[in-house]
Amino acid sequence: MNNLILGRYLPGNSFIHQMSPQSKLLLTFYFVAIIFLANNVITYAILSVLIIAAILLSGISVSFFIKGIRPMIWLIIFTVILQILFSAGGKVLWHWGPFTITQLGLVNGGFVFVRFLLIIMISTVLTLTTSPLAIADGVQTILKPLKKVKFPVDTLALMLSIALRFVPTLMDEMTTIMNAQRSRGVDFGSGSLKQRIKTAVPLLIPLFTGAINHAEELSTAMEARGFTDSEHRSKYRVYHWQVKDTLTWVVFLLVGGLIFFVRK
Amino acid sequence: MANIITVDHLSFEYNEKTPVFKDLSMAVKAGEWLAVIGQNGSGKSTLAKLIDGLLEFDTGTITVGGLILNYENLAAIRDQIGIVFQNPDNQFVGATVEEDVAFGLENRQVPREQMVKLVEKNLKLVNMWNFKDRIPASLSGGQKQRVAIAGILAVEPQIIILDEATSMLDPLGRQDIIQLIRQLKAERNLTVISITHDINEAALADRVLLLNQGEVVEETTPAQIFEETDKLTHYGLDTPFVVQLAQRLRDQNIPIPKQYMDEKELIQWLQTYNSTK
Amino acid sequence: MAANIQFDQVSYTYQAGSPEAHEALSDVSLTISADSYTAIIGHTGSGKSTLIQHINALLKPTNGTVTVGDFTIDNQTTNKNLRPLRKQVGMVFQFPEKQLFEETVIKDIMFGPKNYGASDEEALQAGLKAMDLVGLPQKYQDTAPLDLSGGQMRRVAIAGVLAMQPEILILDEPTAGLDPRGHDEIMQLVQQLHEQQHMTIVVVTHQMDDVIQAADQVVVMSAGTVQKVGTPAQIFSDKKWVKQMQLTLPTSTAFAAKLKAAGFPLMDVPLGLDQLTMAITQTLRGDSHE
């Protein structure tokens with residue numbers, strides 16, 4: 001579990017770290033979309049080169065990156081095996097009961113494998129280089145047009161930002177409460193399902209009580225600092241669109257066009 | 001000195017069973033340091049919240065800087081008061097140090113260019129500029145309180161209320177925050193209200209207000225109240241160390257004068273007494 | 001039978017193997033003898049909490065061994081069979097009132113004993129006895145913990161630990177956030193448990209005045225290592241070193257230092273009001289006899 005890096009953030013100052021979160025988010029979606037356009041060796045090769053460039057530009061050590069996505073490989077291999085066993089067409093290589101391995105199946109399986117890997121790699125690059133808070137800001141910027149239809153984008157963003165800020169605090173509190181109850185003889189994570197549910201009570205009740213307490217005091221403090229509503233505020237944290245963003249978009253769009261032309 | 005805050009015939013209760021204030025009147029003078037002392041449950045933190053309009057009271061009047069506390073004046077009154085609360089974690093709103101300092105400015109819709117300048121200036125003032133990118137989880141309690149103070153100073157209030165702001169800090173963190181407030185008070189002519197049960201913090205005040213069960217028991221100078229050691233003990237408070245020491249020495253027939261002396265004065269007295277013998 | 005606590009070259013690394021790994025304890029060797037009252041001091045982040053969590057195996061050493069009576073804890077120790085150890089070592093965390101969860105005071109106090117296999121009746125008896133020890137009147141047994149004052153809630157939490165009848169009691173800043181009266185009550189309670197129940201006490205604290213009043217052994221930590229072990233007098237005799245450890249002096253010792261600096265001759269390092277009064281009186285009388 002500890003090795004898994006999908007969803008983790010590593011602070012840094014690389015080219016990719018410095019890009020604005022909204023453009024990183026949109027580029028990730030765009031990249032996933034063009035992956036589905038790819039359908040031959042050349043197109044996959046082009047996308048692989050692009051993602052390798054992205055990893056290198058993210059400043060994260062390649063060995064750490066590979067070690068981190070290794071736990072995901074089994075999930076991919078499982079999917080690929082299903083794909084190979086159940087897809088038909090082409091020359092039959094092996095046959096047993098309902099299972100058939102065909103030449104086309106193998107090729108497709110290979111493509112699915114690469115596709116999966118590419119999606120995992122781009123998402124990992126995104127989360128490793130963008131803090132959860134920046135991602136929330138990116139989402140806020142992207143959703144901004146929804147304000148016109150009275151969707152509370154700003155309130156949502158502030159809520160998300162505060163929730164994220166309290167994650168480490170609550171994690172610390174959870175560890176302390178677990179340790180305190182362990183010292184009183186609770187054995188977390190063992191025994192029957194019924195016992196496990198029973199041991200959750202002395203953990204969850206104090207955790208909730210604590211969280212409510214935080215919320216109450218925090219809302220008092222926010223009010224004391226002049227907070228009334230989340231719509232009428234100026235914003236300190238902004239992400240400027242930079243040359244880096246434009247440059248990356250140009251490259252990605254060119255690659256998209258290229259793929260469109262060299263695909264079968 | 002004119003009063004900057006007046007509280008007149010205030011009554012307040014959380015629920016019918018437990019009235020906090022029945023008929024409280026008090027005042028804070030502009031530019032003074034007032035310590036509000038009393039044991040837990042005496043109503044001292046509630047008083048701070050009432051003055052800032054964070055709780056609605058039943059009857060009575062509160063005036064802050066010439067404005068009567070009501071719904072229309074609420075925002076203007078909150079511009080004049082900054083509160084540093086007890087729990088450093090529960091007042092840190094921003095994701096990082098600089099963003100937390102900006103929170104009050106964002107609420108007042110200060111333009112960003114101006115915010116950037118104010119955040120830098122005030123973080124430098126509390127010596128936390130080098131920590132501007134840090135997340136709260138990586139700061140000590142004392143550092144978080146410094147950030148809270150910077151966030152308050154950024155909106156330039158006239159009154160700072162310390163609501164047991166040092167009670168969750170270690171002794172060095174405590175000294176550090178008090179030192180900072182003393183310096184800021186001198187530089188900016190602030191009015192400081194420190195709500196505390198730390199008698200050494202109260203010793204720094206110009207005036208002390210002793211609260212017990214929602215009533216003002218005594219309103220006087222630290223020197224005056226520190227002589228009444230029985231009263232302090234009776235209301236669950238400590239006696240300052242120098243007062244205890246002077247008492248012990250008197251018991252040993254050392255002719256220490258009756259009136260309160262702070263640490264410096266006592267050392268001076270002992271030194272003089274010893275050398276003139 | 002009372003148990004000694006022994007740390008033998010203990011190191012502990014948080015998140016070993018990840019880019020964020022950091023060593024919180026490094027090569028700690030330490031003996032805390034049965035029936036002692038030990039204070040652990042050190043500035044925030046010096047490794048105090050990591051240290052005490054090894055005593056009941058909430059953390060297991062990355063290297064080295066911890067021995068508590070017959071138990072040995074090392075990096076091979078599994079989470080099985082730890083109950084007898086944890087029953088023997090009572091642990092009161094910082095702000096322990098945060099761990100309360102039952103609807104009534106007595107149920108919360110009985111929680112520990114019942115986990116360790118006590119019958120309802122046994123747990124109730126142990127619970128009532130613990131309430132008595134911490135000075136909570138029995139009329140509170142059916143009150144909801146959240147309806148009590150902060151100081152009372154803390155006593156409920158401590159009673160919940162005492163009800164397991166531990167031989168060793170570990171407390172992490174037991175008086176944090178309490179008012180002076182609450183502070184004194186808790187310190188008196190701990191003193192009484194030490195003297196009357198003969199419990200081994202290990203307390204983590206920032207209050208140097210409490211240290212000199214109660215502890216017979218002081219452990220000073222800094223950067224994950226034990227810097228010095230000694231009596232309060234030994235620890236506070238070198239005030240430069242104390243400052244270097246980012247610690248404060250006891251009030252009386254600090255006052256004595258200032259008095260000395262002002263040119264007032266004083267013998268020894270007075271710990272506490274009594275000693276300081278005596279030292280000052282001696283100087284004043286000594287001079288007058290000459």
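Residues numbered from 1 in each chain as written. Chains lettered and ligands numbered in written order. Predicted model: local features only at pLDDT ≥ 70, side-chain atom pairs only at ≥ 80, totals over all residues. Heavy atoms only, no water.

Quick word on the overall build of chain C
Within chain C, the secondary structure is distributed over eleven helices and ten strands. For chain C, the C-alpha radius of gyration of 21 Å lies close to 19 Å, the compact-globule estimate for 290 residues. With the C-alpha coordinates aligned to their principal axes, the bounding extent of chain C is approximately 70 × 50 × 35 Å. Out of the 290 residues in chain C, the part that is buried amounts to 55%. Across chain C, the fraction of contacts at a sequence separation of at least 24, relative to all contacts at a separation of at least 6, is 61%. Summed over its atoms, the accessible surface of chain C is roughly 12400 Å², and 47% of this surface lies on carbon and sulfur atoms. Computing the positive centroid from 21 side-chain charges and the negative centroid from 32, chain C places the two 4 Å apart. (Helix = DSSP H or I, 4+ residues; strand = E, 2+ residues; numbered from the N terminus. Rg over C-alpha atoms; globule rule 2.2 N^0.38 Å. Buried < 20%, exposed > 50% of the residue type's maximum accessible area, 1.4 Å probe, protein only. Contact = heavy atoms within 4.5 Å. Areas by Shrake-Rupley, 256 points an atom, 1.4 Å probe, with all protein chains shown as cover. Lys, Arg positive; Asp, Glu negative; His and termini not counted. Charge placed at Lys NZ, Arg CZ, Asp CG, Glu CD.)

Regarding the overall build of chain B
For chain B, the helix and strand inventory stands at eleven helices and ten strands. A compact globule built from 277 residues should have a C-alpha radius of gyration of about 19 Å, and chain B, at 20 Å, falls within 12% of that. Counting every position in chain B, which comprises 277 residues, the buried fraction comes to 56%. Total accessible area on chain B is roughly 11900 Å²; 46% of this is exposed by carbon and sulfur atoms.

Things to note about the packing of aromatic side chains
By the definition in use, this model includes twelve aromatic pairs over all chains. Ring geometry for Tyr30 of chain A versus Phe252 of chain A: centroids 6.4 Å apart, planes at 45°, classification tilted. Here the residue Tyr30 of chain A occupies a position in helix α2 (residues 21–35), and Phe252 of chain A occupies one in helix α9 (residues 243–262), the gap between them amounting to 222 residues. A cation sits over an aromatic face here: Arg112 of chain B above Tyr236 of chain A, 5.6 Å from the ring centre. The lysine or arginine in question, Lys228 of chain C, covers the ring of Trp241 of chain C, its NZ or CZ lying 4.0 Å from the ring centre. (Phe/Tyr/Trp six-rings, centres within 6.5 Å; stacked < 30°, edge-to-face > 60°. Lys NZ or Arg CZ within 6 Å of the ring centre and 35° of its normal.)

Regarding the interface of chain A and chain B
Taken together, the 26 residues of chain A in the interface contact 34 residues of chain B. Of the roughly 2700 Å² buried between chain A and chain B on both sides combined, carbon and sulfur atoms contribute 52%. Together, Arg165, Arg225 and Tyr236 of chain A form the three largest contributors to the area buried by chain A at its contact with chain B, with a combined 36%. Put simply, chain A and chain B have five salt bridges between them. With a closest N to O distance of 2.6 Å, Glu99 of chain B and Arg237 of chain A form a salt bridge. Our count for the chain A to chain B interface comes out at 18 residue pairs in polar contact (both at pLDDT 80 or more). When residues of the side of chain A that touches chain B are traced back to their parent elements, those giving at least two are α7 (153–183) and α8 (193–224) of chain A. Residue contributions to the side of chain A that touches chain B peak at nine residues, all from α8 of chain A. (Buried area = accessible area lost by both parts, 1.4 Å probe. Salt bridge = Lys/Arg side-chain N within 4 Å of Asp/Glu carboxyl O. Polar contact = N/O pair within 3.5 Å; in protein donor to acceptor, adjacent residues only side chain to side chain.)

Focus: the nonpolar core
Ile37, Ile149, Leu245 and Leu270 of chain B together with Phe255 and Ile280 of chain C are the most contacted members of the largest nonpolar core, which has 70 residues in total. Those residues in contact with Phe255 of chain C that sit more than four places away from it in its chain are Phe241, Val242, Leu245, Glu263, Leu266, Ile267 and Leu270 of chain B together with Leu276 and Ile280 of chain C. If you look at the next biggest cluster of nonpolar residues, it comprises 54 residues, including Met153, Met164, Val203 and Phe236 of chain C. (Core = buried A, V, L, I, M, F, W, Y, C linked by side-chain atoms within 4.5 Å.)

Quick look at the pairing of strand β6 (residues 81–84) of chain B
Residue and element names in this part refer to chain B. Judged by which residues are buried, β6 turns out to be covered on both faces: Ile81 and Ile83 on one side and Gly82 and Val84 on the other are all buried. Relative to strand β7 (residues 159–163), β6 is paired through four bridges, and the arrangement is parallel. Its bridge partner being in β7, Ile81 is matched across the sheet by Ile159. (Pairing = 2+ DSSP bridges.)

Notes on unusual backbone geometry
Residues and elements named next belong to chain C. Although it is not a glycine, Phe95 sits at a positive phi angle of roughly 45°. Its place among the elements puts Phe95 in the loop between β6 (89–92) and α3 (105–115). Taking relative accessible area as the criterion, Phe95 reaches 16% and is therefore assigned buried. Its identity is not glycine, yet Glu173 carries a phi of approximately 40°, on the positive side. Among the structural elements, Glu173 can be located in the loop between β7 (168–172) and α6 (180–196). By relative accessible area, which is 17% here, Glu173 ends up buried.

With respect to the environment of Met131 of chain C
All names here are of chain C. Within the element layout of this structure, Met131 appears in helix α4 (residues 120–133). A relative accessible area of 0% means that Met131 is categorised as buried. When the C-alpha atoms of Met131 and Ala163 are compared, they prove to be 8.4 Å apart, with 32 residues separating the residues in sequence. With residues near it in sequence (within four places) discarded, Met131 still touches Val105, Ile106, Ile109, Leu136, Pro137, Gln138, Tyr140, Gln141 and Ala159.

A closer look at the pairing of strand β1 (residues 5–14) of chain C
Residue and element names in this part refer to chain C. Pairing geometry for β1 and strand β2 (residues 22–32), over seven bridges, is antiparallel. Looking at β2, one finds that Gln6 is bridged to Thr31. Examined bridge by bridge, β1 and strand β4 (residues 63–68) share five bridges and lie antiparallel to one another. Across the sheet, Phe7 pairs through a bridge with Val66, a residue of β4.

Describing the sheet that holds β7 of chain B
All names here are of chain B. The strand order β6-β7-β8-β3-β9-β10 describes an open sheet built from six strands, whose pairing is mixed. At either margin of the open sheet sits one strand with a lone partner, and together these are β6 and β10 (215–220). Within the sheet, the average angular offset between the axes of one strand and its neighbour, ignoring direction, is 15°. One ladder, built from five bridges, connects strand β3 (residues 33–37) with strand β8 (residues 191–196); its direction is parallel. From the neighbouring strand, Trp33 faces β8, where its bridge partner is Val192. Lying on the sheet, helix α1 (residues 44–51) is in contact with β3, β6, β7, β8 and β9 (207–212); it crosses β8 at an angle near 145°. Helix-sheet contacts for helix α5 (residues 141–153) involve β6 and β7, and the interaxial angle to β6 is about 175°. (Axes fitted to C-alpha atoms, helices over the stretch in contact; angles between N-to-C directions.)

Regarding the domain arrangement of chain C
Residue and element names in this part refer to chain C. For chain C, the domain assignment lists domain 1 (5–246) and domain 2 (250–290). A straight line from the C-alpha centre of domain 1 to that of domain 2 covers 35 Å. With eight residues of domain 1 at the interface, the matching set in domain 2 holds eight residues. Summed over both partners, the interface of domain 1 with domain 2 comes to about 560 Å²; 75% of that surface belongs to carbon and sulfur atoms. If you sort the residues of domain 1 by the area they bury against domain 2, Asp209, Ile212 and Phe236 come out on top, with a joint share of 63%. On the surface where domain 1 and domain 2 come into contact, there are zero salt bridges. Summed over the shared surface of domain 1 and domain 2, the result is one residue pair in polar contact (both at pLDDT 80 or more). Mapped onto the side of domain 1 that touches domain 2, the elements with two or more residues apiece are α7 (208–214) and α8 (232–236). (Domains from an automatic or database assignment.)

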